[in-house]
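What follows is each chain in one-letter form.
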Amino acid sequence: MTTLVRSRYLLVSPHAYRGPDGRAVRMAYATRRARLFTVDEDTAAALSSGDLARIDEPELTRLRSLQAVVDADEDELAGVLGGYRSGSTDPGARGFTIMPTSYCNMACDYCGQEHYKAAVDERKVERTTARVLAAIADPGTRSVSVTWFGGEPLLALRVVRQMSHAFVAAADAAGKPYSARMPTNGSLLTARTLRVLHDECRLTALEVTIDGPEKLHDQRRVKRNGIGSFHRTMAVLGQAVREGAVPRTRISIRVNVDVGNEDAVDDLLVDLACCGLSGPTVEVNLMPVHSWGNDVSAVEVEARRFAAREIDWLRRARLLGLGFAAPPKVVRRTTCRATSTYGEIIDSAGRVYSCSEHPLVPGARDTGVVATLADLAGSAPRPAGSYDDWYDQVGDARQQCGRCPLLPVCGGACPKLWREGHVPCPSMRHNWAGRLDLEAERSGLRPVEAG
Amino acid sequence: MTAGLRTPDQARAPASQPGQPAPLGPRVTRPTPAQRASVRAILRECVGSTGQALCLVYAPNRRTEATWLGAYARAAGVATQLRPAATATAAAVELACDGGAGATVLILADMTMRVPPGARQLAGIETHSAVDLWAPAGLLELAALAAARRLGGSPLTVSTSGGEVTLATGPFTPDTPPGTVTADVVDANGTFVADAAVAVNRAVAWDARLAQRPVTLRLVAGTVTEVDCPDPVLARFLTRAVHTHNASRAGSVRFGLRRLPGGFSPVAGPVNAARAGVTLRLRVPADRPYNAASADLRVDVTATLQEVP
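Keep in mind it's a predicted model, so treat the numbers as computed, not measured.

Below, the discussion takes up the overall build of chain A. Counting its secondary structure elements, chain A contains 15 helices and 15 strands. Taken against the 2.2 N^0.38 rule, which gives 22 Å for 451 residues, the C-alpha radius of gyration of chain A at 23 Å falls within 12% of a compact globule. Among the 451 residues that make up chain A, the fraction classed as buried is 45%. Within chain A, contacts between residues at least 6 apart in sequence are counted, and of these 73% link residues at least 24 apart.

Shown next as structure tokens:
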């Protein structure tokens, strides 16, 4: 007879809520299935005590299907890592991060990249294009995703358009899904550029960094010409969102938070609301400033403090009508580009990296190169990089992620930072209970204390 | 076409207690006699004899009323399409309206939203549906014209609980939603205490009611100089909207004329606008926008009114 136990990858909220029918429930998050659901108080108590015999058969069957309870003899970590290994070695999902320029028109203090100007090398552009086209043409490829990265990728919009035309046409001809995303400082956005990115470059996600209200943003996100970018960026985005000009592009407003701007986040949230940056296609993404190998210890917000404040910020964001990401609803297939040889980063000089935090970063830009485009034949995967053994490290407990209930939806966040002695855990590791509270509120449940 | 509308449930409905809706399924209830009368009147007024098809767009919480209207319209021979919105948000309802051209579009949703040209919104509140609150447009228009005449022009002194403001206004005219009159404000001085509701032309998701957290505005020469509110989130929003985004100008004043059952709704929508109350609309002066994206920001704060004009 099978003995069932609570999954090590199940989180149950410490708080009770009441639904419209008056029943008291608790939120639960089964990360192996990336599913949020509710359980009644008795079930929550049984899960907490481990006495699963108190749970009736239909509920037990449901919990089993969610992998919230599992066979006692199942090695869950092995199962999760097996999923990651299989996702990471899947040749069907190809991912490219392309840096069309090595320059940025901003010089932010906390950025770890060192930018330089270089003329566009058409031969390198052709080689990069050929590399992605070969992957699209490969019969083993099911889908291709491209991230336009920098430096500031919009400084090379012409190159982005040129390559995108080729990728989109090839993917369409091959009948394979193609998606693209772009992190940008936003300073070069115009209504026309947004439409080009949406219509021609088939951008599905745009991540724009806004670090605070006008004064603070323009101080922190310093353009090299000294001109602030806050007003222009907000105006373009606000207009586009309200006119529904780019309906298939999700816009993420990234806020890099450190001790210098944490007290201004609330004001920024109001500014975003006043400028109309709310709606189903916009999300606010609050991120603590982290090390790129540079020392940010003087400015970074301590992880637990950030996590606690984040819950308050998100609750206010919700009241202001601003969107933010729910706990992941999809199990990760691989941690990042660095953990799959079917993912690679190509810089503007044609060097291939496994990790997006290597190019342009002093030291790593030389040591992190795994190949050059000239070395790689056709669509062959890149050579292994420094982090392709990540899951072995997690499996044999050299890294602590194996003990974390968020592993199936996080993957360890950033192998590079772990190796360098940092702790790159997402804030949810510390504030998951608060995130479940927010999801309960979002779905209309009320805290039991409130009646 | 709607003359002699038949009631589809007349023949087969089991007898229900007068005034008590009888269950019709897991979520839809049968209409009361008063609701039946309203449904027929709504269809007569909105569809009339246009011969057009009817497109009923509805928020998830208005499924019952959409079902009633759809059933009565079909019984009257009107080609009817029911379109549910995915969620009870303005964005989702607006999305569900797409492609309704060529038909009479009726939208059953409680919140303020962008109503497509030619479409009509029927709004309710948590405790009363649009069908319960409906009144003929002609009657509302007459009431609004009479109120506009009585209000005349400026100056106007408005007393609110804990404040008084003197307004110099232009002439009052009937406005939308039906059952309201509005005038431009030329000058405003004093203190306005909004204890009824707040509405912003942005997708905010807070409770619109102000009874437990009144907003106090001090006005000098038509401009808000001070904002106060015990709710920290609302206080920060209003302070920044007024002092940073310059939504500080008292642009217009609106009287809601309708005595309606229930109180002000947590959802900012047409019912709050039309319910007996006086609203100051704050806007950004055309010559002082902070940012192009917030230049159209408008904040409506409403005080309860014991006597409608």
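Picking up after the structure, the text goes on.
Moving on to the pairing of strand S10 (residues 250-257) of chain A. Residues and elements named next belong to chain A. The pairing of strand S9 (residues 203-209) with S10 spans five bridges and is classified as parallel. Across the sheet, the residue bridging to Ala205 is Arg250, located in S10. Summarising the sheet, S10 and strand S11 (residues 282-288) pair through seven bridges and their orientation is parallel. Looking at S11, one finds that Ile253 is bridged to Val284. For the crossover that starts at S10, traverses helix H9 (residues 265-274) and ends in the parallel S11, the hand is right-handed.

Residue and element names in this part refer to chain B. Structurally, chain B comprises domain 1 (33-134) and domain 2 (139-304). Computed from C-alpha coordinates alone, the two centres of domain 1 and domain 2 are separated by 28 Å. Between domain 1 and domain 2, the contact holds 13 residues from the first and twelve residues from the second. For the side of domain 1 that touches domain 2, the residue count by class is six nonpolar, five polar and two charged.

A few words on the domain arrangement of chain A. Per the domain assignment, the segments making up chain A are domain 1 (4-82 + 432-450) and domain 2 (185-301). On a C-alpha basis, the centres of domain 1 of chain A and domain 2 of chain A stand 35 Å from each other.

What follows covers the interface of chain A and chain B. On the chain B side, the residues contacting the 21 residues of chain A number 17 residues. Among the elements of the structure, helix H8 (230-243), H9 and helix H10 (303-319) of chain A are those that each provide at least two residues to the side of chain A that touches chain B. In terms of residue count, H9 of chain A provides more of the side of chain A that touches chain B than any other element does, six residues in total. Residue composition of the side of chain A that touches chain B, grouped by class: nine nonpolar, seven polar and five charged.

Residue and element names in this part refer to chain A. Read across the sheet, four strands follow the order S4-S3-S2-S15 without closing on themselves; strand pairing throughout is antiparallel. On the outer flanks of this sheet lie strand S4 (35-40) and strand S15 (446-447), each paired with one strand and no other. When strand S2 (residues 10-18) meets strand S3 (residues 24-30), the two strands line up antiparallel, connected through six bridges. Bridging from a neighbouring strand, Leu11 pairs with Tyr29 of S3. Against the sheet, helix H1 (residues 41-49) makes contact with S2, S3 and S4, and its axis sits at roughly 105° relative to S4, the strand it touches most. In this fold helix H15 (residues 428-442) packs onto S2, S3 and S4, with an angle of close to 45° to the strand it touches most, S2.

The next point concerns the packing of H9 of chain A against helix H6 (residues 232-243) of chain B. The interhelical angle for the contact between H9 of chain A and H6 of chain B, taken along N-to-C directions, is 65°, at an axis separation of 10 Å. The way H9 of chain A lies across H6 of chain B gives a crossing that is right-handed. Contacts between H9 of chain A and H6 of chain B involve Asp266, Asp267, Val270, Asp271, Ala273 and Cys274 of chain A from the first element and Arg236, Phe237, Arg240 and Ala241 of chain B from the second. For the contact of H9 of chain A with H6 of chain B, the class distribution of residues is five nonpolar, no polar and five charged.

A word on the pairing of strand S12 (residues 343-346) of chain A. Residues and elements named next belong to chain A. On S12, burial covers both faces: Gly343 and Ile345 on one face and Glu344 and Ile346 on the other are all buried. In terms of strand pairing, strand S6 (residues 93-98) meets S12 through four bridges, oriented parallel. For Phe96, the partnering residue across the bridge sits in S12 and is Glu344. Sheet topology note: the S12/strand S13 (residues 351-353) ladder contains two bridges and is antiparallel. In the sheet register, Ile346 faces S13, and the bridge partner there is Val352. Where S12 hands over to S13, the hairpin turn is made up of four residues, of which Gly350 adopts a positive phi near 85°.

In this section: the confidence of the model for chain B. Looking at chain B as a whole, its pLDDT mean stands at 89, while 91% of the residues score no less than 70. The complex prediction reports pTM at 0.92, with the ipTM value standing at 0.91.

Our focus in this paragraph is the environment of Ser159 of chain B. Locating Ser159 of chain B in the fold gives a position in strand S5 (residues 156-160). Note: C-alpha distance between Ser159 of chain B and Val186 of chain B (27 residues apart in sequence) is 18 Å.

Let's shift gears to unusual backbone geometry. In this chain, Gly150 of chain A is followed by Gly151 of chain A through a cis amide linkage whose omega measures 10°. Tracing the sequence through the fold places Gly151 of chain A in the loop between strand S7 (143-148) and helix H5 (157-174). Omega for the peptide link from Thr176 of chain B to Pro177 of chain B comes to -5°, which places this bond in the cis form. Looking at where Pro177 of chain B falls in the secondary structure, it is placed in the loop between strand S7 (173-175) and strand S8 (180-194). Residues other than glycine seldom take positive phi values, yet Gln67 of chain A does so here, at roughly 55°. The residue Gln67 of chain A is located in the loop between helix H2 (57-65) and strand S5 (69-71) in this model.

This brings us to helix H5 (residues 137-151) of chain B. The α-helix winds at 3.6 residues per turn, so residues separated by three or four positions along the chain end up facing the same way. For H5 of chain B, which comprises 15 residues, the first-to-last C-alpha distance of 21 Å matches the rise-based estimate of 21 Å (1.5 Å per residue) to within 8%. Within two residues after H5 of chain B, Gly152 of chain B carries a phi angle of roughly 60°, on the positive side.

To continue, consider the packing of H10 of chain A against H15 of chain A. Residues and elements named next belong to chain A. For the pair H10 and H15, the least separation of the axes is 9 Å and the interaxial angle reads 10°. In terms of orientation, H10 and H15 fall into the roughly parallel class. For the pair H10 and H15, contact is made by Ala303, Arg304, Ala307, Ala308, Glu310, Ile311, Leu314, Arg315 and Arg318 and by His430, Asn431, Gly434, Leu438 and Arg442, respectively. Counted by class, the contact of H10 with H15 contains six nonpolar, three polar and five charged residues.

Take the environment of Ser248 of chain B next. All names here are of chain B. Here Ser248 lies in the loop between H6 and strand S12 (249-256). By C-beta crowding, Ser248 is classed as buried, having 23 other C-beta atoms within 10 Å. Separated by 37 residues in the primary sequence, Ser248 and Pro285 have C-alpha atoms spaced 8.0 Å apart. What Ser248 contacts, discounting residues up to four positions off in sequence, is Thr223, Val224, Val242 and Leu282.

Reading guide: rules and limits
- Residues numbered from 1 in each chain as written.
- Chains lettered and ligands numbered in written order.
- Predicted model: local features only at pLDDT ≥ 70, side-chain atom pairs only at ≥ 80, totals over all residues.
- Helix = DSSP H or I, 4+ residues; strand = E, 2+ residues; numbered from the N terminus.
- Rg over C-alpha atoms; globule rule 2.2 N^0.38 Å.
- Buried ≥ 20, exposed ≤ 12 C-beta atoms within 10 Å, placed from the backbone.
- Contact = placed C-beta atoms within 7 Å.
- Pairing = 2+ DSSP bridges.
- Right-handed = clockwise from strand over helix to strand, strands pointing away.
- Domains from an automatic or database assignment.
- Nonpolar A, V, L, I, M, F, W, Y, C, P; charged D, E, K, R; others polar.
- Axes fitted to C-alpha atoms, helices over the stretch in contact; angles between N-to-C directions.
- Left-handed = near helix turned anticlockwise from the far one by under 90°.
- pLDDT = per-residue confidence, 0-100.
- Expected span 1.5 Å × (residues − 1).
- Parallel < 35°, antiparallel > 145°, perpendicular 65-115°, else oblique.

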